[in-house]
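The chain contents come next:
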2 protein chains.
Amino acid sequence: MTRRVADSPKPLYQQLADSLRAKIISGELSPGSQLPTEKDLCEEFATARQTVRHGLAVLVNEGLISPARPRGYFVRRHELSYVRPQSEWRPQPSSPEMDRWMEEQTTLGREPSQRISVEIIQPPSKVAERLNIQPTSLVVARRRVRYIDSEPFNINDTFYPYELVKGSEILNPADIARGASQVLTELGYEQVRATDEIEARMPLPDEVARLELGPGNPVLVHRLTGYTANDEPVRCTVNVLIGSKHVVLFERVKPGKASL
Amino acid sequence: MTRRVADSPKPLYQQLADSLRAKIISGELSPGSQLPTEKDLCEEFATARQTVRHGLAVLVNEGLISPARPRGYFVRRHELSYVRPQSEWRPQPSSPEMDRWMEEQTTLGREPSQRISVEIIQPPSKVAERLNIQPTSLVVARRRVRYIDSEPFNINDTFYPYELVKGSEILNPADIARGASQVLTELGYEQVRATDEIEARMPLPDEVARLELGPGNPVLVHRLTGYTANDEPVRCTVNVLIGSKHVVLFERVKPGKASL
DNA sequence: GAGTGGTCTAGACCACGGG
DNA sequence: CCGTGGTCTAGACCACTCA
């Protein structure tokens, strides 16, 4: 009946979102706690259910709350893990069965697991650019989804030019105990330099499915390209991380000050 | 009247979102092109306007489209810039009036500008942790919002322990011609090492305002902490980048292979 | 069964920008 | 002015889970 926002500076659904958001940020509504039900909010704001839902949807898409049907809405928890890309050039794992990442996670008391598959395909255009090859030539794609405590953690796809690695262990869809870098070195393509590109975006539908993401969950895309001493690209890794679960960490030393 | 999704595997609004998303990803609807109006979609999918709006809202929050009232919905364009954090340790700008970032942008043919303000405050908790100081002690916050061609580009806030920089040029809310690093060195706190932390999340309300963001726009947060040779933290920079406009770039060389 | 959120309708009025 | 999307209502039925 009434309403008409005319005299009010902001739409009602935004006022509702602002009000709840403020309580979340201030900590009045702490992570894991339950919000009032839609019905309660209808009464509190004297409005229709759709309007309340609109306001709640704003917060869902901001990643602040998430609905757990049919129990209600809850303030989201954000537990961050650190990822250290330079681990590429750190010591090899002690157990040959386990790759570097899995060992690291086990050390932290978590239960890591992964699923690996290998395909020979034409590369995605961005990968072709970085490997400096034609999009019609072939690459070996080693794809894995990594899990921690049975929850999807990241997607890690590495692409190698097929000509470089054909016939090698890289084609085998299992852990490479001594590390893929070692295999590349043995093939005569030692990786001595790498570039890292990092961007943030909303996930594509296939990423939503593979990482079991809901709304309000951006992904962090970390693209790593490795080069030989001749500046020849030998691999390109595309790492899709769940934004709310990862921080990527780098360490840098001022040139000429390497010896701390 | 009819409806009832019972016989259909997915809700109608999702079918609509899926259908349009597929056209966008395949390129049938190219960046910048206009989508059918809500009314058209109501007819095409034989449904009510709210349902169509629900489906469109999904795509808006995925960052794929954006409404330009009252002209209609358009497929979003994504133009990426690169940011190179190690520029910290690269040559100083040729013009003393211009800082490194502005020079870089000018070289690229863009029109950079920035607004700088300086405050003396108690640090945010994450900054206090990284500077290894009490949250109640004071820091100097140099805040800037950078613009390119009058559009907000990023937020760049640097925090220095007040005790370290009091009385210095750092307190002056203007460009520091020779660079803040140089000033720190002159004060006896040469930064020789840095850690970079990068994460992706949805923006907070103040970031939405300062960067003029709409829905479906995650931000990339780049937190840089600089240390002296004694491992004493001397500054912490928090860089908030618009996800859809930035790629962060690093370069790494295998230890012992530094001389390419 | 009761209560939660999820989907959907068929209307309504508003604000805004371009012809 | 007209057409666009933006806000809002007052209903309805569904699916799911927990007591």
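Residues numbered from 1 in each chain as written. Chains lettered and ligands numbered in written order. Predicted model: local features only at pLDDT ≥ 70, side-chain atom pairs only at ≥ 80, totals over all residues. Heavy atoms only, no water.

Here we take up the domain arrangement of chain A. Domain parsing of chain A yields domain 1 (12-75) and domain 2 (81-248). The gap between the C-alpha centroids of domain 1 of chain A and domain 2 of chain A is 38 Å. (Domains from an automatic or database assignment.)

Another point: the side chain of T228 of chain A. Following the sequence through the fold, T228 of chain A ends up in the loop between strand 8 (219-227) and strand 9 (233-242). Apart from residues no more than four positions distant in its own chain, T228 of chain A is found in contact with Y189, E190, V192 and V234 of chain A. (Helix = DSSP H or I, 4+ residues; strand = E, 2+ residues; numbered from the N terminus. Contact = heavy atoms within 4.5 Å.)

With that settled, consider the pattern of salt bridges. All names here are of chain A. By the definition in use, this model includes 42 salt bridges over all chains. One salt bridge connects R210 with D157, and the closest N-O pair in it is separated by 3.3 Å. On the criterion of sequence distance, the pair formed by R210 in helix 8 (residues 205-211) and D157 in strand 6 (residues 151-161) is long-range, its members being 53 residues apart. Residue classification places R210 among the partly exposed residues on the basis of a relative accessible area of 30%. As a salt-bridge pair, R223 and E197 come within 3.6 Å of each other at their nearest N and O atoms. Linking R223 in strand 8 with E197 in strand 7 (residues 193-201), this pair joins segments that are 26 residues apart in sequence. Summarising the burial analysis for this pair, R223 and E197 share the class buried. (Salt bridge = Lys/Arg side-chain N within 4 Å of Asp/Glu carboxyl O. Buried < 20%, exposed > 50% of the residue type's maximum accessible area, 1.4 Å probe, protein only.)

Now for the interface of chain A and chain B. Think of interface size as the accessible area that goes away when the parts come together; that is how it is often given. The interface is formed by 48 residues belonging to chain A together with 47 residues belonging to chain B. Here chain A meets chain B over a buried area of about 4000 Å², counting both sides, of which 59% is carbon and sulfur. Inspection of the region where chain A meets chain B yields 4 salt bridges. Close ionic contact of D196 of chain B with R252 of chain A constitutes a salt bridge, the shortest N to O distance being 2.6 Å. Across the contact surface, chain A and chain B share 10 residue pairs in polar contact (both at pLDDT 80 or more). (Buried area = accessible area lost by both parts, 1.4 Å probe. Polar contact = N/O pair within 3.5 Å; in protein donor to acceptor, adjacent residues only side chain to side chain.)

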